[in-house]
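Residue-level structure breakdown
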Amino acid sequence: MQSSLIHMGHRLKQILKQKKIKIVDFAAMAGFTNQIAHYHLRKNDMKRATMERFCTLIGITPEEFMRWNGAMQLSNGKSIHHGERLQHVIAEKGLNKSKLAGRLDMSRRTMYNLFEKESFSPDELDRVSKGLDMTSDAFLNPGAAQEARNTDSEEMMLLREKYYKQLEEYTQLLKSHAAMKDELLQIKKELAAVRKQKD
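The following paragraphs examine the structure supplied in this document.

Scoring rules and cut-offs
Residues numbered from 1 in each chain as written. Predicted model: local features only at pLDDT ≥ 70, side-chain atom pairs only at ≥ 80, totals over all residues. Heavy atoms only, no water. Helix = DSSP H or I, 4+ residues; strand = E, 2+ residues; numbered from the N terminus. Contact = heavy atoms within 4.5 Å. Phe/Tyr/Trp six-rings, centres within 6.5 Å; stacked < 30°, edge-to-face > 60°. Buried < 20%, exposed > 50% of the residue type's maximum accessible area, 1.4 Å probe, protein only. Patch = residues over 30% accessible without salt bridge, like charges linked within 9 Å, V, L, I, M, F, W, Y side chains within 5 Å. Areas by Shrake-Rupley, 256 points an atom, 1.4 Å probe, with all protein chains shown as cover. Salt bridge = Lys/Arg side-chain N within 4 Å of Asp/Glu carboxyl O. Core = buried A, V, L, I, M, F, W, Y, C linked by side-chain atoms within 4.5 Å.

**Structural notes on the side chain of Ser 129**
Within the secondary structure, Ser 129 is located in helix α9 (residues 122-131). Contact partners of Ser 129, with chain neighbours within four places excluded, come to Met 134, Thr 135, Ser 136 and Phe 139.

**As for the packing of aromatic side chains**
To describe a pair of aromatic rings, you give the distance between the ring centres and the angle between the ring planes. Tallying each qualifying case throughout the model produces six aromatic pairs. With a centroid separation of 5.1 Å and 80 degrees between ring planes, the pair formed by Phe 26 and Phe 54 is classed as edge-to-face. Residue Phe 26 is located in helix α2 (residues 23-30), and its partner Phe 54 is located in helix α4 (residues 48-58); the two are separated by 28 residues in the primary sequence. On the basis of relative accessible area, Phe 26 is assigned to the buried category, the value being 0%. Look at Phe 54 and you get buried, because its relative accessible area is 2%. Centre to centre, the rings of Tyr 163 and Tyr 164 are 5.2 Å apart; their planes meet at 65 degrees, and the pair counts as edge-to-face.

**Thoughts on the environment of Leu 16**
Along the chain, the position of Leu 16 falls in helix α1 (residues 8-18). Counting along the chain gives 42 residues from Leu 16 to Ile 58, while the straight-line C-alpha distance between them is 7.7 Å. In this structure, Leu 16 is in contact with Ile 21, Phe 26, Leu 41 and Ile 58, ignoring residues within four places of it in sequence.

**Some remarks on a nonpolar patch on the surface**
On the surface, Tyr 163, Tyr 164, Leu 167, Tyr 170 and Leu 174 cluster together into a nonpolar patch covering about 540 Å² of accessible area. Along the polypeptide, Leu 167 turns up in helix α11 (residues 144-198). The class for Leu 167 is partly exposed, based on a relative accessible area of 36%.

**Notes on the nonpolar core**
In this structure, Leu 12, Leu 16, Phe 26, Phe 32, Ile 58, Ile 60 and Phe 65 are the most contacted members of the largest nonpolar core, which totals 21 residues. Secondary structure elements with two or more residues in this core: α1, α2, α3 (34-42) and α4. One finds Leu 86, Ile 90, Leu 125 and Leu 140 within the second-largest nonpolar core, a separate group that totals 18 residues.

**Focus on the pattern of salt bridges**
Enumeration over the complete set of coordinates arrives at five salt bridges. Among the salt bridges present, the one from Arg 48 reaches Glu 52, with a minimum N-O distance of 2.8 Å. Here Arg 48 pairs with Glu 52, and both are found in helix α4, just four residues apart, close to one helical turn. Its relative accessible area of 32% is what places Glu 52 among the partly exposed residues. Connected via shared salt-bridge partners are Arg 48, Glu 52 and Glu 63.

Here it is in structure tokens:
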């Protein structure tokens, strides 16, 4: 198994997103169902052979997979500017900068310095994400939250499908049980009639 320093499934999902490969297309490339693809994207670890196979399918090396920097590639090929992304989220959420600096446990000046940074260190990224009440993945990938909601709704559909299938089976069992009860009652009546005739 790979070291769990990185979440292998999240890394794979991030790479697919940045390479503009839909999960359904990745599933088709790998020769399994959409549900199995989502299973792999949720897994923290994966075997080296599995990771190498997925890398071959999506056109990267295992080394590129392990070193993937986590910065979203924009349509022009450039990485997302972390400082600008921070300012955008602050504006989007309508946050008070003084209060946010307090939540980040830093001075306003230090926070303003972050706005100039193209790329945050892992510690800065972690502090900023926690201060904004979002995951690092959601910070680095605008729209990831929407995608997560879509994944949740797909899972809900699968669960609902499973529920209705089991409900159908349960109804069939109840009908069979009722029919057997009726049959048993009929046999008892016939047996009682036969006994009565003998007496």
